[in-house]
Amino acid sequence: MESHNDSLWEWSVFWHSNQLHACMPVNEESDSLAPIWHNFFENVPAGSSILDLGTGNGSLAALAVEVSHIKAPHFSIHGVDLADIKPAKYVAYAERLLSEVTFHPRTPMEKLPFQADTFDAVCSQFAIEYSTINKSLAEACRVLKPGGQLRFLLHAQDGILRERCHQQYEQAQTILASELFTATSKLLIALSDAETLNTPQTIKTAENLILPVKAVFDELELLFSTVKERSLIDNLFAAVRNLLGLRKSYEPQVLTKMNEDIKLLLLAQSKRLQAMQKAALDETKVNEMAEQLRQLKIDNVSLELATTSADNHCMGYWLYGEKRKTMCKEIL
Ligand SMILES: C[S@@+](CC[C@H](N)C(=O)[O-])C[C@H]1O[C@@H](n2cnc3c(N)ncnc32)[C@H](O)[C@@H]1O
């Protein structure tokens, strides 16, 4: 597992898995966004260069690739992320699409390694708000060609994604504060001793340690009894229970390490959920971003709510603009 002290360790851990998306586990929600992105990319001329800021495992870049296939010549698509991303390696099911994107890992969007006026379109999905926004906006505008387009999807303070992240963050904190991982670790070692040594004493010790683990599960189940969206809880409980079943196949040290890794993954998840809540923007902040774009010579700036298609719940903000074409007009 990556070093805890790495920049954006929590994201590197997340992207080193077979996941394309970070913030859209529910299909209906991502379905309402994809057509808007498709439309944006369709309006970008064939042969254009496109940059995706905070690309993660490339979910947005992959949408650009889909549109690129109907353009001749195709787009040249780049994705930057500060985390240690390697999408083509980890996301097996999208390998073909992602192999058409040039990814730039460990690259801050506040300091892009591209010359001015390089890209015809710069986009970002739930990412620019995690960075130092005024610097990233200035960089996005710098690398955008005159006449090029910007489109950003931003987390909203009162959106449903933030609400879900808040609930899951609280669940993760409750589990991390419990004795679950300590009790499980002790039980794993004791069970292994009991099976290897098979003495009355080791068997008794193992039996005595089953109860505390059961008690922690019961206590957590009680705390979560009213929770409706249980994906974090159920996945975590299944992973820990699974460890107890694996003890005949692995050495105790390996199982103890797996138990620690599950705890680290939960810690990483909790850090990501906290970062997301912090990144979510209120109306004042998104209006400030729109104003900064205008000052950076971006025209036709528009700010709209992004909503779910079924029930119109707020999913975030769309921020759009076009870089002014020529200097001549200004001189005249
Ligand atoms: C919520 S994820 C979104 C990922 C992707 N755009 C998507 O829609 O699946 C936010 C991403 O922004 C990246 N990020 C955060 N701060 C950054 C920075 N300063 N520069 C570049 N990337 C950054 C994180 O590593 C993470 O991958």
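Here is what the cut-offs are and how they apply
All residue numbers refer to positions counted from 1 along the written sequence of the respective chain. In keeping with the model being predicted, local features are shown solely for residues with a pLDDT of at least 70 and side-chain atom pairs are shown and tallied solely at 80 or more, while totals for entire chains, interfaces and linings include all residues. Hydrogens are left out, water is left out, and the side-chain values use all remaining heavy atoms of the structure. Residues are counted as near a molecule or strand when any one of their heavy atoms sits within 4 Å of it. Polar contacts, as counted here, are pairs of nitrogen or oxygen atoms within 3.5 Å of one another; within protein the pair requires one atom able to donate a hydrogen and one able to accept it, and residues that are adjacent in sequence qualify only if both atoms are side-chain atoms. Methods summary: accessible areas were calculated by the Shrake-Rupley approach with a probe of 1.4 Å, and residue burial reflects only the protein chains presented. Any residue with an atom within 4 Å of a point lines the site, the site being either a cavity, points on a 1 Å grid over the protein atoms alone where a 1.4 Å probe fits but cannot get out, or a pocket, an open set with protein on both sides within 12 Å along at least 5 of 7 lines. Throughout, a molecule is located in a cavity or pocket provided that more than half of its atoms lie within 2 Å of its grid points. Three residue categories are used. Nonpolar comprises Ala, Val, Leu, Ile, Met, Phe, Trp, Tyr, Cys and Pro, charged comprises Asp, Glu, Lys and Arg, and polar comprises the others, including Gly. To qualify as a helix, a DSSP run of H or I must reach at least 4 residues; to qualify as a strand, a run of E must reach at least 2; elements of each kind are numbered from the N terminus. How far a helix is expected to stretch is found by multiplying one less than its residue total by 1.5 Å. A simple rule labels every residue: compare its accessible area, found with a 1.4 Å probe on the protein chains alone, to the largest value its type can have, and call it buried under 20%, exposed over 50%, or partly exposed in between. What the arc describes is the spread of directions from the helix axis to the C-beta atoms. It only takes one pair of heavy atoms within 4.5 Å for two residues to be counted as in contact. To pair, rings of Phe, Tyr and Trp, with the six-membered ring standing in for Trp, must have centres within 6.5 Å; the planes then decide the type, stacked if under 30 degrees apart, edge-to-face if over 60, and tilted in the middle. Take the buried Ala, Val, Leu, Ile, Met, Phe, Trp, Tyr and Cys residues and link them wherever side-chain atoms come within 4.5 Å; each set so joined is a nonpolar core. By convention here, the domain bounds are inherited from an automatic or database domain assignment. Strands qualify as paired when DSSP identifies two bridges or more between them.

A. Representation of the site of the ligand in the model. Lining the immediate surroundings of the ligand are 22 residues, of which W15, G54, D81, E110 and Q125 lie closest. One of the side-chain N or O atoms of W15 is found 2.8 Å from an oxygen atom in the ligand. Contact distances for the ligand include 2.6 Å between an oxygen atom and a side-chain N or O atom of D81. Protein burial of the ligand: of its 600 Å² of free accessible surface, 97% is covered by the chains. A majority-of-atoms criterion places the ligand in the second largest pocket. Of the residues belonging to the shell around the ligand, the class tally is 13 nonpolar, seven polar and two charged.

B. Region of interest: helix α10 (residues 231–245). Under the 1.5 Å per step criterion, the end-to-end length of α10 is 21 Å for 15 residues, consistent within 8% with the ideal 21 Å. Within α10, burial applies to L232, I233, L236, F237, V240, L243 and L244. On an axial view of α10, the arc spanned by its buried residues comes to 115 degrees, and they lie on one face. Turned more than 90 degrees away from the buried face of α10, the exposed residues are N235 and G245. Looking at the packing, one finds that the buried side of α10 touches α7 (160–177), α8 (180–197), α9 (200–223) and α11 (252–279).

C. Local environment of the packing of aromatic side chains. What the rule picks out here adds up to eleven aromatic pairs. Ring centres of W37 and F40 lie 6.0 Å apart, and the angle between their planes is 75 degrees; on these two criteria the pair is classed as edge-to-face. Note that W37 and F40 are positioned in helix α2 (residues 27–42) at a spacing of three residues, about one turn of the helix. The class of F40 is buried, set by a relative accessible area of 3%. Consider the rings of F114 and F119, whose centres lie 4.9 Å apart with planes at 90 degrees: the pair is edge-to-face. F114 sits in the buried class, given a relative accessible area of 12%.

D. The arrangement of the nonpolar core in detail. Counting 68 residues, the largest nonpolar core has W37, F41, I50, I175 and L236 as its most contacted members. When residues of this core are assigned to their parent elements, the largest contribution, eight residues, is made by α8. Counting the residues that make up this core, at least three belong to each of domain 1 (9–158 + 280–323) and domain 2 (161–277). Once residues within four sequence positions are removed from consideration, I50 is found in contact with F41, V44, A64, F75, S76, I77, H78, F119, A121 and C123. Among the nonpolar cores identified, the runner-up in size contains 30 residues, and I128, L137, Y317 and L319 belong to it.

E. Local environment of the pairing of strand β5 (residues 144–154). Where burial is concerned, most of β5 is hidden: eight out of the eleven residues are buried. With six bridges connecting them, strand β4 (residues 119–125) and β5 associate as parallel partners. In the strand pairing of β5, V122 is matched with L150. Of the pairings in the sheet, the one linking β5 to strand β7 (residues 314–323) comprises six bridges and is antiparallel in character. Paired with L150 across the two strands is G321, which belongs to β7.

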